[in-house]
Amino acid sequence: MQDMDDDDAPIGDARDPLALFDAWFEAAGGTEPNDPNAVYVATATADGLPSVRTVLLKAHDGRGFVFYTNFGSRKGGEIAANPRASLLFHWKTQRRQVRIEGTLAPVADDEADRYYASRDRVSRLGAHASLQSQPLDRRETLIARLADADARYGGDEIPRPAHWSGFRLAPCRFEFWQDMPHRLHDRLVFEPTEAGHGWSTHRIYP
């Protein structure tokens, strides 16, 4: 049989999934050509019908992982009915992916306000103009609604609409995946300890 280079597990024996995520996220930021913070978010309806889409991660720390959306969107409705989700980061240049499962809760208003204020003017107006996930008869209707919002808020002070905010996913499971030759990939899982303090780790077959 052909020799395999498996001297050490390529992911190593990390004990802190947040520190490992930070290291991988930083590495991806140096190599991904576009949006290293892009993440797939999978949600489901109350009766279990799943859907997935790509959003941009806007913050992460020990409390969890934050993205923003219109509460009236499809994902907003699914989160309201079933506040659990799974995230998937895939960094092709790094040949890595991270899956994170957890529960969702809205971010605080002041946090949402700060992020909203950091967006460019058209993006802020777009949060008012777009009826996200609702039927749109033609694109010209959206452009007209954007023009109406622009006329309504002539200066740079554009209030954050109440229907637009962020969700924070508090993680309860991580899986780090590293591509390896011959499809013998390395997969390291983190789950809370039974005592609820810290994380336990184990590997799973590729």
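Remember, predicted model here, so these are calculated numbers, not experimental data.

Concerning the side chain of Ser51
And then number 1: In this fold, Ser51 is placed in strand S2 (residues 50–56).
And then number 2: The exposure class assigned to Ser51 is buried, which follows from its relative accessible area of 13%.
And then number 3: Those residues in contact with Ser51 that lie beyond four places of it in its chain are Val41, Ala42, Thr43, Arg74 and Glu78.

Things to note about the nonpolar core
And then number 1: Grouped together as the largest cluster of nonpolar side chains are 26 residues, with contacts concentrated most on Phe21, Leu87, Phe89, Val98, Ile100 and Phe176.
And then number 2: Those elements that place two or more of their residues in this core are helix H1 (17–29), strand S1 (38–44), strand S4 (64–70), strand S5 (84–91), strand S6 (96–106), strand S7 (164–178) and strand S8 (186–192).
And then number 3: Not counting residues within four places of it along the chain, the set of residues in contact with Val98 comprises Phe21, Trp24, Leu87, Leu88, Phe89, Trp91, Glu175 and Phe176.
And then number 4: Among the nonpolar cores identified, the runner-up in size contains twelve residues, and Tyr115, Tyr116, Tyr153 and Trp164 belong to it.

A few points about the pattern of salt bridges
And then number 1: Considering all chains together, one arrives at 17 salt bridges under this definition.
And then number 2: For Glu101, the salt bridge identified is with Arg173, shortest N-O distance 3.9 Å. One end of the pair, Glu101, is in strand S6; the other, Arg173, is in strand S7, and 72 residues separate them in sequence.
And then number 3: We classify Glu101 as partly exposed; its relative accessible area is 27%.
And then number 4: Among the residues examined, Arg173 registers a relative accessible area of 18% and is labelled buried.
And then number 5: Notably, a salt bridge pairs Arg121 with Asp150, separated by 2.5 Å at the nearest N-O pair. A residue pair is termed long-range when its members are at least 10 positions apart, and Arg121 in helix H4 (residues 121–129) and Asp150 in helix H5 (residues 139–152) qualify at 29 residues.

Regarding the pairing of strand S9 (residues 199–203)
And then number 1: Summarising the sheet, S8 and S9 pair through five bridges and their orientation is antiparallel. Within S9, the residue paired with Pro192 across the bridge is Trp199.
And then number 2: Linkage of S8 to S9, two consecutive antiparallel strands, is achieved through a turn of six residues, within which Gly196 is found at a positive phi near 85 degrees.

Some words on the pairing of S4
And then number 1: A large share of S4 lies buried, amounting to seven of its seven residues.
And then number 2: Pairing analysis gives three bridges linking strand S3 (residues 59–61) to S4, with the strands arranged antiparallel. Following the sheet pairing, His60 is matched in S4 by Phe65.
And then number 3: What sits between the antiparallel neighbours S3 and S4 is a turn of two residues.
And then number 4: With six bridges joining them, S4 and S7 adopt antiparallel strand pairing. By the bridge assignment, Asn70 is partnered in S7 with Trp164.

Considerations on H1
And then number 1: Compared with an ideal rise of 1.5 Å per residue, which puts 13 residues at 18 Å, H1 spans 18 Å between its outermost C-alpha atoms and is within 8% of the ideal.
And then number 2: Of the positions making up H1, those classed as buried are Pro17, Leu20, Phe21, Trp24 and Ala28. Across the axial projection of H1, the buried residues extend over an arc of 100 degrees, all falling on one side.

Describing the side chain of Arg96
And then number 1: Counting through the fold element by element, Arg96 comes out in strand S6.
And then number 2: For the buried residue Arg96, which engages in no salt bridge, the nearest side chain bearing the opposite charge is Asp186, 9.4 Å off.
And then number 3: A distance of 2.8 Å separates a polar atom in the side chain of Arg96 from a polar atom in the side chain of Gln178.

Each value, and the rule that gives it
- Residues numbered from 1 in each chain as written.
- Predicted model: local features only at pLDDT ≥ 70, side-chain atom pairs only at ≥ 80, totals over all residues.
- Heavy atoms only, no water.
- Helix = DSSP H or I, 4+ residues; strand = E, 2+ residues; numbered from the N terminus.
- Buried < 20%, exposed > 50% of the residue type's maximum accessible area, 1.4 Å probe, protein only.
- Contact = heavy atoms within 4.5 Å.
- Core = buried A, V, L, I, M, F, W, Y, C linked by side-chain atoms within 4.5 Å.
- Salt bridge = Lys/Arg side-chain N within 4 Å of Asp/Glu carboxyl O.
- Pairing = 2+ DSSP bridges.
- Expected span 1.5 Å × (residues − 1).
- Arc of directions from axis to C-beta.
- Lys, Arg positive; Asp, Glu negative; His and termini not counted.
- Polar contact = N/O pair within 3.5 Å; in protein donor to acceptor, adjacent residues only side chain to side chain.

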